[in-house]
Amino acid sequence: MRVDDAHDRALIDNVRPPQWANPRPAARYNLVVLGAGTAGLVCAAGAAGLGARVALVERDLMGGDCLNVGCVPSKALLRAARAVADVRAAGRFGISATGVRADFTAAMTRMRALRARLSPVDSVRRFQELGVDVFLGEGRFTGPETISVDDATLRFRRAVIATGARAAVPPIPGLTEAGYLTNESVFDLVDLPRRLAVIGGGPLGCELAQAFARFGAAVTLVQHAPRLVEREDPDAAAVVERALRADGVRLLLEATVGQVKLDGSDLVIDARAAGVTAPLRADKVLVATGRTPNVDGLDLPAAGVAADATRGVIVDDRLRTTNPKVFAAGDVCSALKFTHNSDAQARAVLRNALFLGRARASALLIPRCTYTDPEIGHVGLDETQARARGIAVQAFVQRFDEVDRAVLDGETDGFVKIVVRGGTDRIVGATVVARHAGDMLPALTLAITRGIGLGALASVVHAYPTQADAVRRLGDAYNRTRLTPLARRVLGAWLAWRR
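The structure presented is a predicted model; accordingly, all values stated were derived computationally and were not measured. (Residues numbered from 1 in each chain as written. Predicted model: local features only at pLDDT ≥ 70, side-chain atom pairs only at ≥ 80, totals over all residues. Heavy atoms only, no water.)

Draft legend 1. Layout of the nonpolar core. Counting 60 residues, the largest nonpolar core has Leu56, Met62, Phe141, Ile161 and Val313 as the members making the most contacts within it. Among the elements that line this core, the one with the most residues is helix H2 (residues 38-49), at seven residues. Leave out the neighbours within four places in its chain, and methionine 62 touches Val15, Ala36, Leu41, Leu56, Leu67, Asn68, Asp122, Ser123, Val124, Phe127 and Val134. Core analysis: the second largest hydrophobic core is formed by 40 residues, Leu196, Ala209, Phe215 and Ile376 among them. (Core = buried A, V, L, I, M, F, W, Y, C linked by side-chain atoms within 4.5 Å. Buried < 20%, exposed > 50% of the residue type's maximum accessible area, 1.4 Å probe, protein only. Helix = DSSP H or I, 4+ residues; strand = E, 2+ residues; numbered from the N terminus. Contact = heavy atoms within 4.5 Å.)

As structure tokens, then:
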């Protein structure tokens, strides 16, 4: 952390206390965990709580990306940016708010304060109190059953690799020399850059582009694909694109970056879009082009663990590596680089590594959310994915401009789409585009996980008025498809007889 204030000092005191001295290793551990991000912390705390002797090794900061440079700081900043947007749009609701000034520096101070406030949960002291031996330092395998940390050797019955991932940086000429930001450095900013170029139109690039624009930066987002968040439903991506443009983000789609160079204090980015070179001048460049697994420096061959730079640690469906005594969980081995996926995989690893369990990673249904405003939430398969697997599907869509609460909230540019297997009400996937889409996903995830059909959702009483009532309306829409002409005639005859 580069900001030397009371908040970051409190954070460091929790997640990397300068005075910390590593303990003397036990003769052998039930479990040694490499990495103290989400997956590693869940493994260590869970195993210790079950009575295992556990060692936890971290080379950088306890809490990993999520606490320090990921979910926690980003969502604190996004919330502040949303407040700015709400105040500026207050006139729509008959509220006069003149002279609004967004204080980026104050928002970043708030972020650091909240991050420090949350850090005790991931702290060295908490895990020590849980009975975990915490080792701060570089951990590497020295054999199929041993890991070294500094001068100490940790012997294990089982080990978990949970070293996470880091920002992937594309090989753009001049980028390294000119300097750039990633998620690992952008939250060290104190002052708002006047001009920001964002390379990458995935979730992180879109979230931060919108946030910085709302604070008043001139933001240009460069995306190689023809649309943003390209793995999402095209209709959902279109809503986010409209939202970013409305917030003043300049979008260069189907674009590439030829080089980056310094011109005085300016960063000059040669972006090519539609065959035309469009030089951009910026004060900062944010690279948001994906993640790469942290497998360097672990000496995995010494343990007989296979890995590659793209996929990370190679695991089977039970999250075992090519060494049956070593497991992996989270971003270091999974294509789904989400905190909640890391948590779920860690729980599966505990069952499999310590108790001969048979939990399978493929059985986990992992939702995802892009935290733009509005958000995109998704779980399961979309229409394209389902049909690619040979599954006939039918989609039911409820737009928010027909949902009372969304109209009242002034949040009508969004929808709920539920995809069912053809001829049934079995839900195979769902997409929600709404201001709080992520909060609407759990009910749909539960429905898929427990086999609750779309028709059954119509019988769930929803509070009125809520935006989640869109889900009930889709249940009604499905049930109306069951009212065939024959069924209508039979019911009509019955009712006529009953008159």
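Draft legend 2. Expanded view of the packing of helix H4 (residues 71-88) against helix H5 (residues 104-118). Remark: H4 packs on H5, axes separated minimally by 9 Å, with the N-to-C direction vectors making an angle of 140°. One element, H4, and the other, H5, form an angle in the oblique class. Judged by the twist between their axes, the crossing of H4 over H5 is right-handed. Residues Val72, Pro73, Ala76, Leu77, Arg79 and Ala80 of H4 form the contact with H5, whose own contacting residues are Phe104, Ala107, Met108, Arg110, Met111, Leu114, Arg115 and Leu118. Here the contact of H4 with H5 is composed, by residue class, of 11 nonpolar, no polar and three charged. (Axes fitted to C-alpha atoms, helices over the stretch in contact; angles between N-to-C directions. Parallel < 35°, antiparallel > 145°, perpendicular 65-115°, else oblique. Left-handed = near helix turned anticlockwise from the far one by under 90°. Nonpolar A, V, L, I, M, F, W, Y, C, P; charged D, E, K, R; others polar.)

Draft legend 3. Region of the structure containing the pattern of salt bridges. Per the stated rule, a full pass over the model turns up 37 salt bridges. Two residues, arginine 368 and glutamate 232, come together in a salt bridge whose shortest N-O distance is 2.8 Å. Within this pair, whereas arginine 368 is found in strand E19 (residues 368-370), its partner glutamate 232 is found in the loop between strand E9 (218-222) and helix H9 (234-246), the two being separated by 136 residues in sequence. By the burial criterion, arginine 368 is buried, and glutamate 232 matches it. Among the charged side chains, a salt-bridge network with shared partners connects Arg82, Asp86, Arg214, Asp247, Asp373, Glu375, Glu411 and Arg435. (Salt bridge = Lys/Arg side-chain N within 4 Å of Asp/Glu carboxyl O.)

Draft legend 4. The arrangement of the pairing of strand E22 (residues 415-421) in detail. In terms of burial, E22 is a largely internal element, six of the seven residues being buried. Here strand E21 (residues 393-399) runs beside E22; their pairing, made up of seven bridges, is antiparallel. Within E22, the position partnered with glutamine 398 by the bridge is valine 416. With six bridges joining them, E22 and strand E23 (residues 427-434) adopt antiparallel strand pairing. Bridging from a neighbouring strand, valine 416 pairs with valine 432 of E23. In this structure, the hairpin formed by E22 and E23 is closed by a connection of five residues, where glycine 423 is found at a positive phi of approximately 80°. (Pairing = 2+ DSSP bridges.)

Draft legend 5. Main features of unusual backbone geometry. Cis rather than trans, the peptide bond between aspartate 373 and proline 374 has omega equal to 5°. Along the polypeptide, proline 374 turns up in the loop between E19 and strand E20 (375-380). Residue proline 465 is bonded to the preceding tyrosine 464 through a cis peptide linkage, with omega at -5°. One non-glycine residue with positive phi stands out, namely aspartate 299, at about 55°. By the element assignment, aspartate 299 lies in the loop between strand E15 (291-293) and strand E16 (307-308).

Draft legend 6. Here's a closer look at the sheet that holds strand E8 (residues 195-199). Strand order across the open sheet formed by four strands is E10-E9-E8-E14, with parallel pairing between neighbours. Both edges of this open sheet fall to strand E10 (250-252) and strand E14 (284-287), since each of them pairs with a single strand only. Recorded for the sheet is a direction-independent mean angle of 20° between the axes of neighbouring strands. Sheet strands touched by helix H8 (residues 203-215): E8, E9 and E14. Its angle to E9, the strand with the most contacts, is close to 165°.

Draft legend 7. Layout of the sheet that holds strand E12 (residues 266-273). With respect to topology, three strands assemble into an open sheet ordered E11-E12-E13, the strand pairing being antiparallel. Bordering the open sheet on either side are strand E11 (255-263) and strand E13 (276-282), each of which pairs with just one other strand. Adjacent strand axes in the sheet meet at a mean angle of 20°, parallel and antiparallel pairs treated alike. Across seven bridges, E12 lies against E13 in antiparallel orientation. What sits directly across from arginine 272, in E13, is threonine 277.

Draft legend 8. The arrangement of H5 in detail. With 15 residues, H5 should cover 21 Å at 1.5 Å per step; its first-to-last C-alpha distance of 21 Å lies within 8% of that length. Within H5, burial applies to Phe104, Ala107, Met108, Met111, Arg112, Arg115 and Ala116. Buried-residue contacts for H5 involve helix H1 (6-15), helix H3 (64-68), H4 and H8. The backbone nitrogen of threonine 105 lies 3.2 Å from a side-chain oxygen of the residue at the head of H5, namely aspartate 103. (Expected span 1.5 Å × (residues − 1). Polar contact = N/O pair within 3.5 Å; in protein donor to acceptor, adjacent residues only side chain to side chain.)

Draft legend 9. Expanded view of the side chain of arginine 435. On the secondary structure map, arginine 435 appears in the loop between E23 and helix H13 (437-450). Within the structure, the side chain of arginine 435 is placed 2.8 Å from the side chain of aspartate 86, a separation counted as a polar contact. Within the structure, arginine 435 has its side chain in polar contact with the side chain of aspartate 373 (distance 2.9 Å). Discounting residues that sit within four places of it in the chain, arginine 435 has contacts with Arg82, Asp86, Asp373, Pro374, Glu375 and Glu411.

Draft legend 10. Quick peek at the state of the cysteines. The final tally for this structure, using the stated rule, is zero disulfides. Its sulfur unpaired, cysteine 66 is 3.2 Å from the next cysteine sulfur, which belongs to cysteine 71. Accessibility expressed as a relative area gives 18% for cysteine 66, which makes it buried. On the basis of relative accessibility, which here comes to 32%, the residue cysteine 71 falls in the partly exposed class. (Disulfide = S-S within 2.5 Å.)

By themselves, these are just geometric observations and shouldn't be taken as functional.
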